[in-house]
Amino acid sequence: MKAAKHQIADLLSERKAEKRKSFAVLLDPDKINLSTFPKFLEYAAGHGVDFFFVGGSLITNYAIDKLIAAIHEYTDIPAILFPGSSLHIEPSADAILLLSLISGRNPELLIGQHVISAPLLKRSGLEVLPTGYMLIESGKLTTVSYISNTTPLPRDKPGIAACTALAGEYLGLKNIFLDAGSGALFPVPGETIAAVRAAVDTPIIVGGGIDSYEKADAALHAGADVIVVGNGIEANQELLPEVAACVRAYNEKLQSV
């Protein structure tokens with residue numbers, strides 16, 4: 001069943017206020033086997049995944065509608081669009097991360113695609129989550145950096161990331177997404193996450209390069225509110241229960257304090 005309007009935004013804000021962490025799995029339509037997808041969804045739900053992000057920088061096989069239909073059929077987990085362009089709008093989703101690429105200077109991804117998307121989003125009824133999207137250098141050229149034609153922020157300059165995030169918050173963006181990119185060699189540094197956490201009051205989403213319990217734990221303790229895993233799970237499904245256990249352990253420790 002589709003989530004009620006504002007439900008996702010309220011949930012993110014409430015969890016941040018309570019210092020509770022969340023786990024999101026990023027689903028790339030090009031990499032999903034629809035015949036085994038229901039089994040994976042039940043596996044994810046059984047391990048306490050909080051959100052599914054659906055989409056990617058480049059999609060050659062448009063199966064977003066099928067993925068979301070399956071998510072709604074087999075789980076109660078919200079399906080949130082992670083669009084690479086205005087072509088990736090699917091009204092059956094629960095919400096959409098309306099990404100403004102504030103780490104770059106490509107006007108198409110700062111406002112251009114948003115202008116094209118605005119009337120479609122209004123008609124869709126989707127819950128819109130205005131999100132400042134920031135690419136952080138990860139040791140290799142990632143798909144999102146290439147497709148967006150932007151240079152990631154340097155991983156050793158946390159102050160630049162903090163000022164960029166603060167500017168996004170002042171512009172009215174409701175979430176900050178720090179992303180090392182798909183297939184990143186290195187995750188977003190803890191120093192960068194901590195600097196952004198100190199600068200803004202919005203929920204912080206962190207993804208890219210999180211391929212172990214230790215890296216997930218480091219991101220959570222640095223200040224991430226939501227951690228996102230995609231490629232790591234595609235390569236190793238055992239990573240899903242590892243990260244879920246990490247998030248659960250953090251939240252349980254919080255409750256015991």
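Structure shown above.
Description of the structure in this document. (Residues numbered from 1 in each chain as written. Predicted model: local features only at pLDDT ≥ 70, side-chain atom pairs only at ≥ 80, totals over all residues. Heavy atoms only, no water.)

## Focus on helix α3 (residues 64-74)
Which entries qualify depends on this criterion: Accessible area is worked out with a 1.4 Å probe on protein chains only. A residue is then buried under 20% of its type maximum, exposed over 50%, and partly exposed in between. Helix numbers and strand numbers start at the N terminus; a helix is a DSSP run of H or I with at least 4 residues, a strand a run of E with at least 2. The arc under discussion is defined with respect to the helix axis, by the directions toward the C-beta atoms. Should any heavy atoms of two residues lie within 4.5 Å, those residues are considered in contact.
Along α3, the residues that are buried comprise Ile64, Leu67, Ile68, Ala70 and Ile71. Buried positions in α3, seen along its axis, are confined to an arc of 160 degrees and lie on one side of it. The inward-facing, buried residues of α3 contact β1 (22-27), α2 (37-46), β2 (51-55) and β3 (79-82).

## Some details on the sheet that holds strand β6 (residues 175-179)
Note the following rule: A strand pair is defined by DSSP finding two or more bridges across the two strands. Axes, fitted as lines to C-alpha atoms, cover a helix only where it is in contact. Angles between the N-to-C directions of the axes lie from 0 to 180 degrees.
Strand order in the closed barrel formed by eight strands is β1-β2-β3-β4-β5-β6-β7-β8, with parallel pairing between adjacent strands. If you compare each strand with its neighbour and ignore which way they point, the axes differ by 30 degrees on average. Bridge analysis of strand β4 (residues 95-101) against strand β5 (residues 127-135) gives seven bridges, and the strand direction is parallel. Bridge pairing in β5 links Leu98 to Pro130. Along the sheet face, helix α1 (residues 7-17) touches β1, β2, β3, β4, β5, β6 and β8 (226-229) and points at about 55 degrees away from the line of β5.

## As for the packing of α2 against α3
To characterise two packed helices, one gives the angle between the axes of the helices and the distance between these axes. Rules: Any angle from 65 to 115 degrees is called roughly perpendicular, while one under 35 is roughly parallel, one over 145 is roughly antiparallel, and all others are oblique. The sense of a crossing depends on the near helix, which, turned anticlockwise from the far helix by less than a right angle, makes the crossing left-handed and, turned clockwise, makes it right-handed. For this classification, Asp, Glu, Lys and Arg are treated as charged, while Ala, Val, Leu, Ile, Met, Phe, Trp, Tyr, Cys and Pro are nonpolar and the rest, including Gly, are polar.
Axis separation between α2 and α3 bottoms out at 10 Å; the angle between their running directions is 50 degrees. Our classification of the angle between α2 and α3 gives oblique. In the packing of α2 onto α3, the handedness of the crossing is right-handed. Residues Phe37, Pro38, Leu41 and Glu42 of α2 touch α3, and the partners they reach there are Leu67, Ala70, Ile71 and Tyr74. Its residues placed into classes, the contact of α2 with α3 shows seven nonpolar, no polar and one charged.

## Overview of the packing of aromatic side chains
To keep it simple, the criterion reads: Aromatic rings from Phe, Tyr and Trp, taking only the six-membered ring of Trp, are treated as a pair when their centres fall within 6.5 Å; an angle between ring planes under 30 degrees marks them as stacked, one over 60 as edge-to-face, and anything in between as tilted.
Per the counting criterion, the structure on display carries five aromatic pairs. With a centroid separation of 6.4 Å and 15 degrees between ring planes, the pair formed by Phe37 and Phe40 is classed as stacked. With a gap of three residues between them, Phe37 and Phe40 both fall in helix α2, about one helical turn apart. Owing to a relative accessible area of 3%, Phe37 belongs among the buried residues under this scheme. Phe40 gets classed as buried once you look at its relative accessible area, which sits at 12%. Ring plane angle 90 degrees and centroid distance 5.3 Å describe the contact between Tyr133 and Phe177, whose orientation is recorded as edge-to-face.

## Quick notes on the layout of surface pockets
Rules: Only protein atoms enter the calculation, which uses a 1 Å grid: trapped sets of points that fit a 1.4 Å probe without letting it out are cavities, open sets showing protein on both sides within 12 Å along at least five of seven lines are pockets, and any residue with an atom within 4 Å of a point is a lining residue. Grid points are joined across faces, edges and corners, and a volume is the space filled by probe spheres set on the points.
Space inside the largest pocket adds up to approximately 510 Å³. Secondary structure elements with two or more residues in the lining of the largest pocket: α5 (143-148), β6, β8 and α9 (231-235). Top contributing element to the lining of the largest pocket by residue count: α9, with three residues. In the lining of the largest pocket, the residues fall into 10 nonpolar, 13 polar and five charged. What the second largest pocket holds in volume is close to 380 Å³. Residue lining of the second largest pocket: 22 residues in total, with Pro83, Gly84, Ser85, Leu99 and Leu109 positioned closest to the centre. The set of elements that each furnish at least two residues to the lining of the second largest pocket consists of β4, α4 (107-124) and α5. It is β4 that contributes the most residues to the lining of the second largest pocket, five residues altogether.

## Details of a nonpolar patch on the surface
Test applied: Patch criteria: residues need more than 30% relative accessible area and no salt bridge. Like-charged residues are merged within 9 Å; nonpolar side chains of Val, Leu, Ile, Met, Phe, Trp and Tyr are merged within 5 Å. Each accessible area is a Shrake-Rupley result for a 1.4 Å probe, and residues are judged covered by the shown protein chains and nothing else. Any carboxyl oxygen of Asp or Glu within 4 Å of a side-chain nitrogen of Lys or Arg constitutes a salt bridge here.
Where nonpolar side chains cluster on the molecular surface, the patch consists of Leu110, Ile111 and Val115 and spans about 250 Å² of accessible area. Here Leu110 is to be found in helix α4. Leu110 sits in the partly exposed class, given a relative accessible area of 30%.

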